[in-house]
There are 4 protein chains.
Amino acid sequence: MIHFDTDYMAGAHPQIMERLLATNLEMTAGYGSDDYTRHAKTLIMEACGLTQGEVHFLVGGTQTNATVIDGLLARHQGVLAAESGHINVHESGAIEASGHKVLTLPSHEGKVCAEEVERYIAQFYADDTYLHMVAPGMLYISQPTEYGTLYTLEELKSLHEVCRRADIPLYIDGARLGYALGSPAADFTLGELAQCCEVFYIGGTKVGALFGEAVVATRNGLLPHFFPLVKQHGALLAKGRLLGLQFETLFTDGLYTRIGAHAVRLAMKLKRGFVEKGYELYIDSPTNQQFFRLENHKMDELMQHAGFEMWGPRGETHTVVRLVTSWATREEDVDTLIALL
Amino acid sequence: MIHFDTDYMAGAHPQIMERLLATNLEMTAGYGSDDYTRHAKTLIMEACGLTQGEVHFLVGGTQTNATVIDGLLARHQGVLAAESGHINVHESGAIEASGHKVLTLPSHEGKVCAEEVERYIAQFYADDTYLHMVAPGMLYISQPTEYGTLYTLEELKSLHEVCRRADIPLYIDGARLGYALGSPAADFTLGELAQCCEVFYIGGTKVGALFGEAVVATRNGLLPHFFPLVKQHGALLAKGRLLGLQFETLFTDGLYTRIGAHAVRLAMKLKRGFVEKGYELYIDSPTNQQFFRLENHKMDELMQHAGFEMWGPRGETHTVVRLVTSWATREEDVDTLIALL
Amino acid sequence: MIHFDTDYMAGAHPQIMERLLATNLEMTAGYGSDDYTRHAKTLIMEACGLTQGEVHFLVGGTQTNATVIDGLLARHQGVLAAESGHINVHESGAIEASGHKVLTLPSHEGKVCAEEVERYIAQFYADDTYLHMVAPGMLYISQPTEYGTLYTLEELKSLHEVCRRADIPLYIDGARLGYALGSPAADFTLGELAQCCEVFYIGGTKVGALFGEAVVATRNGLLPHFFPLVKQHGALLAKGRLLGLQFETLFTDGLYTRIGAHAVRLAMKLKRGFVEKGYELYIDSPTNQQFFRLENHKMDELMQHAGFEMWGPRGETHTVVRLVTSWATREEDVDTLIALL
Amino acid sequence: MIHFDTDYMAGAHPQIMERLLATNLEMTAGYGSDDYTRHAKTLIMEACGLTQGEVHFLVGGTQTNATVIDGLLARHQGVLAAESGHINVHESGAIEASGHKVLTLPSHEGKVCAEEVERYIAQFYADDTYLHMVAPGMLYISQPTEYGTLYTLEELKSLHEVCRRADIPLYIDGARLGYALGSPAADFTLGELAQCCEVFYIGGTKVGALFGEAVVATRNGLLPHFFPLVKQHGALLAKGRLLGLQFETLFTDGLYTRIGAHAVRLAMKLKRGFVEKGYELYIDSPTNQQFFRLENHKMDELMQHAGFEMWGPRGETHTVVRLVTSWATREEDVDTLIALL
């Protein structure tokens, strides 16, 4: 069986496992106050070209979104997001569980559009009853999106500009950020992305780590009292150095971007394979998630040999499926799959 | 100035004020354990034709929705509602503040459609990732809706049937229920409505009381431990008898329905007046809220003489407005308004 | 039957009922945007000698505490209170329901002591693990306390000074503030109390109103975005003018303090009656709540003729009871009770 | 430097690292639906002698407590715990953040006493105002406690009996359960402990794992809909097999208990060393945490050579300190420390 189900099916990149093993018996202080963590933070700040701000390591994505959003919003505020956004669809209500409404915007292949964000905010304050409504207190986007699509640098700048005018922070969920950075379609650097938002996170779980997400606040004071908030949200890892070690490895010698580039190269090959054999693209994604609309019988047949997911419920005759590559995907598996088409 | 802004602009129906005054110096136990409250509960149970179930009195609508929904849902569940529903739009996030997501359905002039509810639930459980999504744990509707429209008895039965099949409760927000019951278009009785849901509330604030909403659970055991939950939600009135006295009055000699009928009769007259003078109906509402699409200059002119609200932001050339009658609206005010058109 | 059960057994002071009746048919805008509310706010600001700050009207006490505390605290903070404090004991967990821990201090007849507050805060920050603990983010006291006792002006100043040094707000629950102001033992004015805290509330429910509490923020900016927070907490009254009218009446011609003085005079008479007949004081309260330790048989006998509450569970041989006077207590009832001893 | 600061300073037990490495490149489904997780659950059920019930793997302790407590309590209920309990002191308010009050009982060297639990519950329901108070909805204890002490089997049975009579679940926090099971003072087996409670967790983070806690519900139906609740609490690990693999290893060939026994043997040696040199025990703990009351100058001197924590703030002349052993403590380090005394 070959696997394209998700990008979190294997363990960690071998270099990470090596580091964890090499340091395993060392004794360090808990909760991220160790030197590995400090060093990893420095490496990330440098990679982002930031001279102020801060980095925090959390364990998983849902947890990270819930904690950061709770940290950025006042009680009466909600978070703007694409209708298709992870926080709106796939987090079991974690955002609402901490008391905040997700305010939805139309999804354009997973992306929100600056004009629509601006209009939403304008109409909100134009409504005489706005004090009875949930105020848009921040904007959430993901890069890449749930559909594997990318915001261009221009789009990021426009969104940031809209947020700045409305005086609300822009937060970027980068659960798969490595697969954005590793895409030939990306017209932005990590440093440019950092300039286009208040807070973002660099996903580790899906990009080579056992687990772990690095929250980057791009200015000082954006996430005050974050440590107890992280703990309150159950997102504080006792053996914090595990996070530090993993991100230190990922941000040494460009491993993080290399992982992304590897997976995206194979995803592009896979896409070409499908397209050349006449299959229908559901979305033209430039990153590691690929979406096709398959005839059900073909889907069933392929599923005998390869793991992948239906994207939503099974259709009458055709079903949309998602195939995902990762740092752990082997070229031969892609070749095998293409041969099966 | 004549007023059609809302149905909560005056105090209470004179008969209620009379009762409050007559009993003012009596000493009774607090928190609803008095005889007036007990009697009011009995009157409501009788009016609903219920032999089991329970009645609870709360102070206001948002509070009531937040408390009941919190009482009906488990932690991991959300509440289905029309996108235009009061809980989704106009409660400052009170539902989310108690941890629950509002799951939205298309609004058809304020109403949800049984087929769409059923499809939502079916697609939810057909999705392999449903455990990562917020489970639909109940259905919220209002009667009349935010747009003044009414569900027919048939529609209520269909919705209830869909809920029953999905094993989730149906809850009806009756903030303006009197104006449904008092409408010639209503093809259901209070007793029939009670049979079509698990819980509903009979609105007092907008139908003649100073304040107060009567929550009716139509079977035993639907709202366990409701008293501390009400208190926790800040919805427990110390001088609980004030609620009992008001609802006792409303449910004596049919006052509640008479109030509704009065307001709806005037609303129909007002609608006819607008239509006959060539104004455009925005929605054809059979209850006490009427919606028109006015040219801005006409709206501005009318606003010199009569109070009413814009429904959403002001448009470029036309704006939708809402005019509302209540128990306190006088026929002469309607006549005056029509003369102004 | 004569009643000393609580101070919220009757309706409203006759002058309030008169005002409600006189204005009943007037049409005003909702949610506190009417002129009565504006005027009441002005009267209260004047009575407090405040030139800045703001006044908000809410419906009930638990609701007010939950909303104000939620407004003053950051997510990671808790509220310091006496172990016997209303928010710790008798609010069905409303404070925790909005996510905040109540951090308890020893109760000295209902009061907290400035030294102990200071020590708590000092030890908190002296603990190396304090980031894993709930930070004391404000101090809650009530005046009078749950036991009817009063803080002296000196004590209030000391508490405020401790809070100022710790840079946390002091909040005073004045559910029965009128009975403090009306006590001969009170060595402070309303204006002086206002200078000793950031926020306090002037209780209406227990001091002559049908319901209603006036939250006073003594400086600008202490409760930002309070309106949607009030709504979110279910504490926003649709017919807001009812609150305005009641507080306007209470703060005209000194009615509020007169009500307090009347009740306290009768409470003192009642206390003298008990003491002179040899009964044991449980606490020597200078306000409208009086506490005695009665033999059970005497308690049972008295309960045949007068309503009052056991203070905690019934003891083996003796039980502590509480008797409460209010604006509605008549002198003849006190005389009757004393004659029964 | 030798370290006795905590039991989570090193990585994982070498056998665990070996397993993680050996399986690193395997592709498995996420969120705990893999075979390693299934096998680990079976091993744990067997080790507990359970034929029904269920096992869930979460990441960390605070998270586990918050999720389980939220799963066991209704909205209006709180959790009984020793005043010194981890959930009351050291979880940054995570329990309250999900809306529940921690109801405190006296701590007897970290333990609660069955009589006091029973009395608390009896007095609660004997109080006429109990509906205004937070109902005790479950009992939380930890084994070993925060002070390293152990409940005897008899004590566990008594507590469970009290809970059964009150119809509330008993939940045992076993963050350091291995160090209880490995103590010669333990008069209970894992199976016996499982019979004395509804839910407990077997701590991994502090007992040889990189991270991870195994929640055991001892009967079916105790934690309904737990999966989305775990996700909502941010406690769901994407690469769930990492938890399965670690607990599979810990519950193969008795590794879990052997780890505990090793640490406790060294802790006993360390205790004897201190006592023989005349140091004062603060608490006589039979597990891996040892508490001494040291003169400050001695403490400062020792801290030059060995890491350990002050237990609370530094005293005037003496300070209580805690020294902790773990699976990773070497006998030579204990010898070195004793030689320093």
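Criteria and thresholds
Residues numbered from 1 in each chain as written. Chains lettered and ligands numbered in written order. Predicted model: local features only at pLDDT ≥ 70, side-chain atom pairs only at ≥ 80, totals over all residues. Heavy atoms only, no water. Contact = heavy atoms within 4.5 Å. Buried area = accessible area lost by both parts, 1.4 Å probe. Salt bridge = Lys/Arg side-chain N within 4 Å of Asp/Glu carboxyl O. Helix = DSSP H or I, 4+ residues; strand = E, 2+ residues; numbered from the N terminus. Nonpolar A, V, L, I, M, F, W, Y, C, P; charged D, E, K, R; others polar. Polar contact = N/O pair within 3.5 Å; in protein donor to acceptor, adjacent residues only side chain to side chain. Buried < 20%, exposed > 50% of the residue type's maximum accessible area, 1.4 Å probe, protein only. Least-squares fit on C-alpha atoms with pLDDT ≥ 70 in both.

## Here we look at the interface of chain D and chain A
Taken residue by residue, the interface counts 42 residues in chain D and 42 residues in chain A. Taken together, both faces of the contact between chain D and chain A bury some 3,700 Å²; the carbon and sulfur share is 63%. Three residues stand out in chain D for area buried against chain A, namely Tyr8, Met27 and Lys239 of chain D, and they jointly supply 19% of the buried area on that side. The interface formed by chain D and chain A includes 0 salt bridges. Elements represented by at least two residues in the side of chain D that touches chain A include exactly helix 1 (14-22), helix 3 (61-72), helix 5 (94-97), helix 10 (226-232) and helix 11 (241-250) of chain D. Class assignment of the residues belonging to the side of chain D that touches chain A gives a composition of 23 nonpolar, 14 polar and 5 charged.

## Regarding the interface of chain B and chain C
Residue-level contacts link 42 residues of chain B with 42 residues of chain C. Interface area, chain B with chain C, both sides summed: about 3,700 Å², of which 63% is carbon and sulfur. Summed over the shared surface of chain B and chain C, the number is 0 salt bridges. For the pair chain B and chain C, the interface holds 24 residue pairs in polar contact (both at pLDDT 80 or more). Elements with a minimum of two residues in the side of chain B that touches chain C: helix 1 (14-22), helix 3 (61-72), helix 5 (94-97), helix 10 (226-232) and helix 11 (241-250) of chain B. The class makeup of the residues in the side of chain B that touches chain C is 23 nonpolar, 14 polar and 5 charged.

## A short note on helix 11 of chain B
Residues and elements named next belong to chain B. Helix 11 sits mainly inside the fold: 10 of its 10 residues count as buried. Where helix 11 is concerned, the buried positions are Arg241, Leu242, Leu243, Gly244, Leu245, Gln246, Phe247, Glu248, Thr249 and Leu250. Those residues of helix 11 that are buried are in contact with helix 1, helix 2 (35-47), strand 2 (54-58), strand 7 (199-203), strand 8 (213-217) and helix 12 (255-276).

## With respect to the relation of the copies chain D and chain A
Note on the identical chains: chain D maps onto chain A by a rotation of 180° and an axial translation of 0.0 Å, with an RMSD of 0.0 Å. Between the two chains, the operation in question is that of a two-fold axis.

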